Amino acid sequence: MQASRARLFKEYKEVQREKAVDPDIQLVCDDSNIFKWTALIKGPTETPYEGGVFQLAFSVPEQYPLQPPQVRFLTKIFHPNVHFKTGEICLDILKNAWSPAWTLQSVCRAIIALMAHPEPDSPLNCDSGNLLRSGDIRGYQSMARMYTRLAASPKKG
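Just so you know, the residues in each chain are numbered from 1, in the order the chain's sequence is written. This being a predicted model, a pLDDT of at least 70 is required before a residue's local features are given, and a value of 80 or more before pairs of side-chain atoms are given or counted; all residues contribute to the totals for chains, interfaces and linings. Note that the side-chain values use all heavy atoms of the structure and ignore hydrogens as well as water.

Structural notes on the UniProt feature "active site" (unreviewed entry) in the protein chain
- UniProt positions are given in the numbering used here, feature names are shortened, and annotations may be inferred rather than shown by experiment. UniProt's entry tags Cys90 with the feature "active site" (unreviewed entry), counted in the numbering of this structure.
- Judged by its relative accessible area of 28%, Cys90 is partly exposed. Throughout this description, buried means an accessible area under 20% of the type-specific maximum (1.4 Å probe, protein chains only), exposed means over 50%, and partly exposed covers the range between.

Written out as structure tokens, the structure is:
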């Protein structure tokens, strides 16, 4: 557990240093628990998620970095690899392709990449996956855009 704490403190310091370097990701550590983090990520450009800000919850195991963090969307998102109700994310690096070389910041980057390049063949959201698999890109994009506007758009005034 001491090693995981040390690693998380190192990542925390890096996040503080690199805030201006990566404006698409805002990682925040819980004040009272280094194993709980949240992130705000910006929807990638030229996707139906553009303009949205999505909140992620990280639960880091005591065996980190030997085991991956559990990450889920707190913001509702219409995406084939994200469970609509729970926010669970289907991403290989969070399961069997995890490596201790990954950091919480790089996990956020991978999630942004997944948002831009969905994998409809392993869907957690079957409605979204079926739209893409059947070639209805327009239907998928309009649903994704609608949920981005409803759930992930910063409120004005």
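Quick word on helix H2 (residues 104-116)
- Between the first and last C-alpha of H2 there are 19 Å, a value that for 13 residues agrees with the 18 Å anticipated at 1.5 Å per step.
- Residues Leu104, Gln105, Val107, Cys108, Ala110, Ile111, Ile112, Leu114 and Met115 constitute the buried set of H2.
- Residue contacts follow a heavy-atom distance rule, with two residues in contact if any of their heavy atoms lie within 4.5 Å. For the purposes of this entry, the term helix denotes a DSSP run of H or I that reaches at least four residues, the term strand denotes a run of E that reaches at least two, and both are numbered from the N terminus. Buried residues along H2 sit in contact with helix H1 (2-17), strand S1 (25-29), strand S2 (36-42), strand S3 (53-59) and strand S4 (70-73). Every helix has an expected span of 1.5 Å times one less than the residues it contains.

Some thoughts on the pairing of S4
- Side-chain alternation along S4 places Val71 and Phe73 on a buried face and Gln70 and Arg72 on a face that remains uncovered.
- Any two strands between which DSSP finds at least two bridges are classified as paired. Pairing geometry for S3 and S4, over 4 bridges, is antiparallel. When the sheet's bridge partners are listed, Phe58 is paired in S4 with Val71.

So, the side chain of Ser4
- Tracing the backbone through its elements, the reader meets Ser4 in helix H1.
- Excluding its chain neighbours within four sequence positions, the residues that come into contact with Ser4 are Phe35, Glu62 and Tyr64.

A few points about empty space enclosed by the protein
- Using protein atoms alone on a 1 Å grid, points that fit a 1.4 Å probe yet trap it form a cavity, whereas open point sets bounded by protein on both sides within 12 Å along at least five of seven lines form a pocket; residues with an atom within 4 Å of a point count as lining. Grid points are joined across faces, edges and corners, and a volume is the space filled by probe spheres set on the points. Tallying each qualifying case throughout the model produces 1 cavity of 30 Å³ or more.
- Roughly 60 Å³ of internal volume is contained in the largest cavity.
- In terms of lining residues, the largest cavity is bounded by Val15, Glu18, Lys19, Asp22, Ile25, Gln26, Leu27 and Gln105.
- When residues of the lining of the largest cavity are assigned to their parent elements, the largest contribution, 3 residues, is made by S1.
- Gly falls in the polar group here, along with every residue not listed as nonpolar (Ala, Val, Leu, Ile, Met, Phe, Trp, Tyr, Cys, Pro) or charged (Asp, Glu, Lys, Arg). Class assignment for the residues of the lining of the largest cavity results in 3 nonpolar, 2 polar and 3 charged.

Section: the nonpolar core
- Residues belong to a common nonpolar core when they are buried Ala, Val, Leu, Ile, Met, Phe, Trp, Tyr or Cys residues joined through side-chain atoms within 4.5 Å. Counting 38 residues, the largest nonpolar core has Leu27, Ile41, Leu56, Phe58, Phe73, Ile89 and Ile111 as the members making the most contacts within it.
- Elements with a contribution of two residues or more to this core: H1, S1, S2, S3, S4, H2 and helix H4 (137-152).
- Among the elements that make up this core, the one with the highest residue count is H2 (8 residues).
- Ignoring anything within four residues of it in the chain, the contact list for Phe58 reads Leu27, Phe35, Lys36, Trp37, Ala39, Pro69, Gln70, Val71, Leu104, Val107 and Cys108.

Some remarks on the side chain of Asn125
- Within the secondary structure, Asn125 is located in the loop between H2 and helix H3 (126-133).
- Under the rule applied, a polar contact is a pair of N or O atoms within 3.5 Å (in protein, one hydrogen donor and one hydrogen acceptor; residues adjacent in sequence only if both atoms are side-chain atoms). Among the polar contacts made by the side chain of Asn125, one reaches the main-chain amide nitrogen of Asp127 at a distance of 3.2 Å.
- Among the polar contacts listed, one links the side chain of Asn125 to the backbone nitrogen of Ser128, at a separation of 3.0 Å.
- Sequence-distant contacts of Asn125, defined by excluding residues within four places in its chain, comprise Phe78, His79, Pro80, Val82 and Phe84.

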